[in-house]
Amino acid sequence: MNTAILGIYEDEDLMISALKRIRDEKMEISEVFTPYPVHEVFKILKRKTRLPLATFLFSSLGAILTYLFLYWASVLSYPLIFGGKPLHSIPSFILISFVMMIFFGVFLSVIAFLVRSKLYPGKKVKIHDLRITDNAFVILIDKKPEMSSDDIKLLNSILKEHGAIEVLEK
Amino acid sequence: MDENYSVSPTFKFIILGIVFVGIITIGLGLYINPEKTWANFLLSNYYFISIIVGATFFLAIQYITQSGWSAMFIRIPHAIGMYMPVAAITILFLIFGMHSIYHWSIPGVAEHSPEIEHKSPYLNIPFFFIRLVIIFALWILMTWLLRKTSLKEDHESNLKYFYKSEYYSKIYIFILAITFSLLTFDLIMSIDVYWFSTVFAVKNFVSGFYHAVSVITLIVILLNRNGYFRDLNKTHLRYFSRYIFILGIIWAYLWFIQYLLIWFANIQEETIYYVIRTEGKWKTFFFLNIILNWAIPFSILLPARTNANKLVLIFISIILIIGHWVDLYLQIMPGSVGEFNIGYIEIGVFAGFSGLFIFIVSRALGRIPLIPKNHPYLGESINLH
């Protein structure tokens, strides 16, 4: 039994025109695979992401924690004057806080992304077509029980019309 | 499409009035307080030189990277480049005010100071002006060549003009890298003649580029509000704000490494530069500089919701135009005038120069078609999404 329709494109603009058409037909697009981020896709699918906000919060957390740690280490726990600098020397703390901000931001964002999209090492993923992992722009539409065969035909023709190099049912 | 910008007579009248006020302030200031007037004269001159350099560098970068999005707007940096000959003439007036600004230029100083003696083969008045003339001749030539090629393209659809522009752009940024470094050393760094910094040229270059992009953005948005650039959309604005955002980070980075290295190394002749600037009345400007040039643009342009808004970008551009002045005030005044005092001379001289700049650039915008006709990426720029 086929469960999904795939439209495979080699051009970003063709794929976007197909997406717009399918949206106008009020059909639900399950997934879009692109080799690089295409902002238009976000807008058309009305998807929202809070990952940038998460990155911002993680980075702020990293910077603040590091600053507090440096303050604790060089002022409270082991107050040692070196190089004629004050114990609480802001410029040198900023540098380390900045680096740790990047570290926290990057690593925790990646982890948050993996957790949010339920990815883990050894997970079995169903790859519909190998070109998804390559240079193709792929539109994936899940077949639902309430879809009539006319709907499926219409989808097929829309995908073809807008320049898909191949339309698969898998 | 081929609409030309037209300057309204009232606008022209007001601008010429401001220029007149500037001339009167300079005249009056030279009589009352020549030292301060010359320092402000240098500040305003350098301010607009760095804006021109930044704008034309922006132009060159667009050609070299073959950017599509900006094809519509390239006539604005071209028009800003037309201020170059005027800037070259006004900077040469500095010959009358050298002694007020540059300690090393006073005759006899070199005999008492081995440091100045050591630098004197480079830092002497004749060579200073020879360098200025050569640098400006090169810049005027290159911006003229770039403009001529772009205008020729309007009459004849041929890709060779685009490649020619790209070729000139490559030569131009190569020239800029060397000449702008020398110019900042000469005009700004030699005020504090005992002090030196190796990132100084890069810092000032990025500063010019940064503020020039905000000036270009401001001009684009203002023209759009007056009915030009009807194809301006959110994506163009987002690209402009990205330029400002990224350059803001680079500016802050370069500001910070210069400060950090001097602070860490703690060598007397280097730290004195910052000791003066973090004490007394200068301290307010020291922090204001960071807030205006980095903190405000960074925090406002960070969320995606605000960074493609015209009013936000106008606000940021105005903040940066003030910020560039504050930055230069802090670099020039402690070494030349020596006291923090903002009065009518500061405001008048800067107003006069900005009036001149607006007058020349708006006239230039009226003389060349606002949107290039046969630029190969024009379609991409207009239909950007």
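Please read all numbers here as calculations on a predicted model, not as lab measurements.

**Student:** Explain the overall build of chain B to me, and be specific about the residues and the numbers.
**Tutor:** Scanning chain B from terminus to terminus reveals 16 helices and zero strands. Relative to its length of 385 residues, chain B is compact, with a C-alpha radius of gyration of 21 Å against a globular reference of 21 Å. Summarising its shape, the C-alpha atoms of chain B cover approximately 65 × 40 × 40 Å along the three principal directions. Going through the 385 residues of chain B one by one, you find that 40% of them count as buried. Across chain B, the fraction of contacts at a sequence separation of at least 24, relative to all contacts at a separation of at least 6, is 83%.

**Student:** So what about the interface of chain B and chain A? Which residues, and what values?
**Tutor:** Contacts between chain B and chain A engage five residues on the former and four residues on the latter. Its residues placed into classes, the side of chain B that touches chain A shows three nonpolar, two polar and no charged.

**Student:** Please set out the sheet that holds strand 2 (residues 31-33) of chain A residue by residue, giving values where relevant.
**Tutor:** Strand pairs in the sheet, formed through backbone hydrogen bonds, run parallel or antiparallel to each other. All names here are of chain A. With antiparallel pairing, four strands are arranged side by side in an open sheet as 2-3-1-4. On the outer flanks of this sheet lie strand 2 and strand 4 (166-169), each paired with one strand and no other. For this sheet, the mean inter-axis angle between neighbouring strands, taken without regard to orientation, is 15°. Bridge count between strand 1 (residues 4-9) and strand 3 (residues 137-142): six bridges; the pairing is antiparallel. Looking at the pairing, Ile8 lines up with Val138 of strand 3. Sheet strands touched by helix 5 (residues 149-161): strand 1, strand 3 and strand 4. Its angle to strand 1, the strand with the most contacts, is close to 10°.

**Student:** Requested: an account of the domain arrangement of chain A, with residues and values cited.
**Tutor:** Domain parsing of chain A yields domain 1 (4-48 + 125-169) and domain 2 (51-116). Between domain 1 of chain A and domain 2 of chain A, the C-alpha centre-to-centre distance is 43 Å.

**Student:** Explain helix 8 (residues 125-155) of chain B to me, using residue names and the numbers behind them.
**Tutor:** All names here are of chain B. The first and last C-alpha atoms of helix 8 sit 46 Å apart over 31 residues, in line with the 45 Å expected at 1.5 Å per residue. Buried residues of helix 8: Phe128, Ile135, Phe136, Trp139, Met142, Thr143, Leu146, Arg147, Thr149, Ser150 and Glu153, and no others. On its buried side, helix 8 packs onto helix 2 (34-64), helix 3 (75-81), helix 4 (84-92) and helix 9 (159-187).

**Student:** Requested: an account of the packing of helix 2 of chain B against helix 14 (residues 310-336) of chain B, with residues and values cited.
**Tutor:** Residue and element names in this part refer to chain B. Relative to each other, helix 2 and helix 14 sit at 145°, their axes nearing to 10 Å. In terms of crossing hand, the pair formed by helix 2 and helix 14 is right-handed. Residues Ala39, Leu42, Leu43, Tyr46 and Tyr47 of helix 2 lie in contact with helix 14, whose contacting residues are His324, Trp325, Leu328, Tyr329, Ile332, Met333 and Ser336. When its residues are assigned to classes, the contact of helix 2 with helix 14 shows 10 nonpolar, two polar and no charged.

**Student:** So what's going on with the environment of Arg238 of chain B? Which residues, and what values?
**Tutor:** All names here are of chain B. Position of Arg238 relative to the elements: it lies in helix 11 (residues 234-265). Expressed as a C-alpha distance, the spacing of Arg238 and Leu288, which sit 50 residues apart in the sequence, is 26 Å. Every residue in contact with Arg238, bar those within four places of it in the chain, is listed here: Asn307 and Ala308.

**Student:** Before we move on, could you go through the confidence of the model for chain B and cite the residues and values that matter?
**Tutor:** Residues and elements named next belong to chain B. Looking at chain B as a whole, the pLDDT averages 92, with 99% of positions reaching at least 70. Averaged pLDDT values over the elements of chain B bottom out at 84 in helix 6 (residues 109-112) and peak at 95 in helix 10 (residues 200-225). This prediction of the complex comes with two scores: 0.89 for pTM and 0.78 for ipTM.

Reading the values: the criteria
Residues numbered from 1 in each chain as written. Chains lettered and ligands numbered in written order. Predicted model: local features only at pLDDT ≥ 70, side-chain atom pairs only at ≥ 80, totals over all residues. Helix = DSSP H or I, 4+ residues; strand = E, 2+ residues; numbered from the N terminus. Rg over C-alpha atoms; globule rule 2.2 N^0.38 Å. Buried ≥ 20, exposed ≤ 12 C-beta atoms within 10 Å, placed from the backbone. Contact = placed C-beta atoms within 7 Å. Nonpolar A, V, L, I, M, F, W, Y, C, P; charged D, E, K, R; others polar. Pairing = 2+ DSSP bridges. Axes fitted to C-alpha atoms, helices over the stretch in contact; angles between N-to-C directions. Domains from an automatic or database assignment. Expected span 1.5 Å × (residues − 1). Left-handed = near helix turned anticlockwise from the far one by under 90°. pLDDT = per-residue confidence, 0-100.

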